[in-house]
Amino acid sequence: MAAIAFLILTTLFALVSCEMEFHNCYLNYRSDSLYRMNYLDTLLPSLSSNIGDDGFYAASEGPAHAVVLCRGDLQLNECRSCVGVVASEIVQLCGNQMRAIRWHMNCMLRYSDEPMLGTMATMPNTTVWSELNVTSPDRFKEVLGALMDDLRGKAAYGGSSLKAAAGNRSGPDGQTIYAMLQCTPDLSNESCDSCLSQAAQLTPAWYPIGARVYTPSCIIRYEISPFYNIARLEQPRDQTLKPSSSGTYHTLISNGDT
Ligand SMILES: *[C@@H]1O[C@H](CO)[C@@H](O)[C@H](O)[C@H]1NC(C)=O
Ligand SMILES: *[C@@H]1O[C@H](CO)[C@@H](O)[C@H](O)[C@H]1NC(C)=O
Ligand SMILES: *[C@@H]1O[C@H](CO)[C@@H](O)[C@H](O)[C@H]1NC(C)=O
Ligand SMILES: *[C@@H]1O[C@H](CO)[C@@H](O)[C@H](O)[C@H]1NC(C)=O
């Protein structure tokens, strides 16, 4: 019985998860095939090998700017492989558009003809949720809200290299609520806090058992089962794995070796 229920649960959630890969091509914006040929085709394939251990990288090629962010708990090799996939997909999907964003489960990529570093953006945004709803939404809302407030502070004030936090709390009906919040680390503490507050408003008000909110500058996810690697999240990042760059956003974390 329990096994069947579990299968049904995972199948339902898998259905939602499959639709997790979104792109937004800014179709009402300018398109230009030379921009792609001259800049994107060089810029995007370079991202995956250049992204460092902190899972964040920004680069420019002529007028084209790109930003990539991996989930804060990924290993470098997983991060690079996600970025490689997203980089090739976004060109296929968004063709000759001057601006685009693509979110995968484990990483996101944006490119634009305008610089993006340090600027908070909550649009476009997208929310996905489980088909299943929690049994005690009022109590769930309270516990989840408190957990997210706590994690928002930890993520926002976490440092200039990684702005991510994950944790859990006991919820109603014997459930444990797990959540992970993350901003691009180029944001100021305050902008990250503000992005995560706005993103929290985009979680479904009826409280499904799991949901994810994606914006260009921050991401929220909660579930009733563990999904993150807390040990990796809390591990100091190896700054020597980051390629040298003239970018001004590369503030090194002070773990003694800089
Ligand atoms: C999320 O996107 C919608 C449009 O898709 C927009 O109307 C809304 O303002 C956005 N929310 C935030 C917090 O930016
Ligand atoms: C969960 O709640 C939403 C909103 O009230 C509803 O549309 C949906 O059918 C519910 N799902 C289940 C499985 O009851
Ligand atoms: C952001 O928060 C961290 C940790 O509290 C702090 O060290 C840093 O000075 C803050 N940065 C700014 C710009 O306020
Ligand atoms: C859940 O939270 C407790 C402390 O609040 C912590 O000790 C435990 O490791 C957490 N578990 C996970 C999977 O995060």
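Residues numbered from 1 in each chain as written. Chains lettered and ligands numbered in written order. Predicted model: local features only at pLDDT ≥ 70, side-chain atom pairs only at ≥ 80, totals over all residues. Heavy atoms only, no water.

**A few points about the confidence of the model for the chain**
Now for step 1: Residues of the chain with pLDDT of at least 70 account for 83%, and the chain-wide mean is 85.
Now for step 2: Here residues 1-19 is a poorly scored stretch, pLDDT under 50, and it has twelve contacts once near neighbours within four places are set aside; other chains count.
Now for step 3: Here residues 243-258 scores under 50 on pLDDT; set against residues more than four positions off or in separate chains, the count is 17 contacts. (pLDDT = per-residue confidence, 0-100. Contact = heavy atoms within 4.5 Å.)

**As for the state of the cysteines**
Now for step 1: Per the stated rule, a full pass over the model turns up five disulfides.
Now for step 2: Covalent S-S linkage joins Cys70 and Cys79, the inter-sulfur distance amounting to 2.1 Å. The S-S bond linking Cys70 to Cys79 shows a torsion near 85 degrees; that makes this disulfide right-handed. Across this residue pair, the class does not change: Cys70 and Cys79 are buried.
Now for step 3: A sulfur-sulfur separation of 2.2 Å characterises the disulfide bridge that pairs Cys195 with Cys218. (Disulfide = S-S within 2.5 Å. Buried < 20%, exposed > 50% of the residue type's maximum accessible area, 1.4 Å probe, protein only.)

**Quick notes on the site of ligand 1**
Now for step 1: Around ligand 1 sit Thr122, Met123, Asn125 and Gln198, and those are all the residues in its vicinity.
Now for step 2: Side-chain polar atom of Thr122 to an oxygen atom of ligand 1: 2.6 Å apart, as the coordinates give it.
Now for step 3: One of the side-chain N or O atoms of Asn125 is found 2.3 Å from an oxygen atom in ligand 1.
Now for step 4: When ligand 1 sits alone it has 360 Å² of accessible area, and the protein chains cover 53% of it.
Now for step 5: The residue makeup of the shell around ligand 1, split by class, is one nonpolar, three polar and no charged. (Near = heavy atom within 4 Å. Polar contact = N/O pair within 3.5 Å; in protein donor to acceptor, adjacent residues only side chain to side chain. Areas by Shrake-Rupley, 256 points an atom, 1.4 Å probe, with all protein chains shown as cover. Nonpolar A, V, L, I, M, F, W, Y, C, P; charged D, E, K, R; others polar.)

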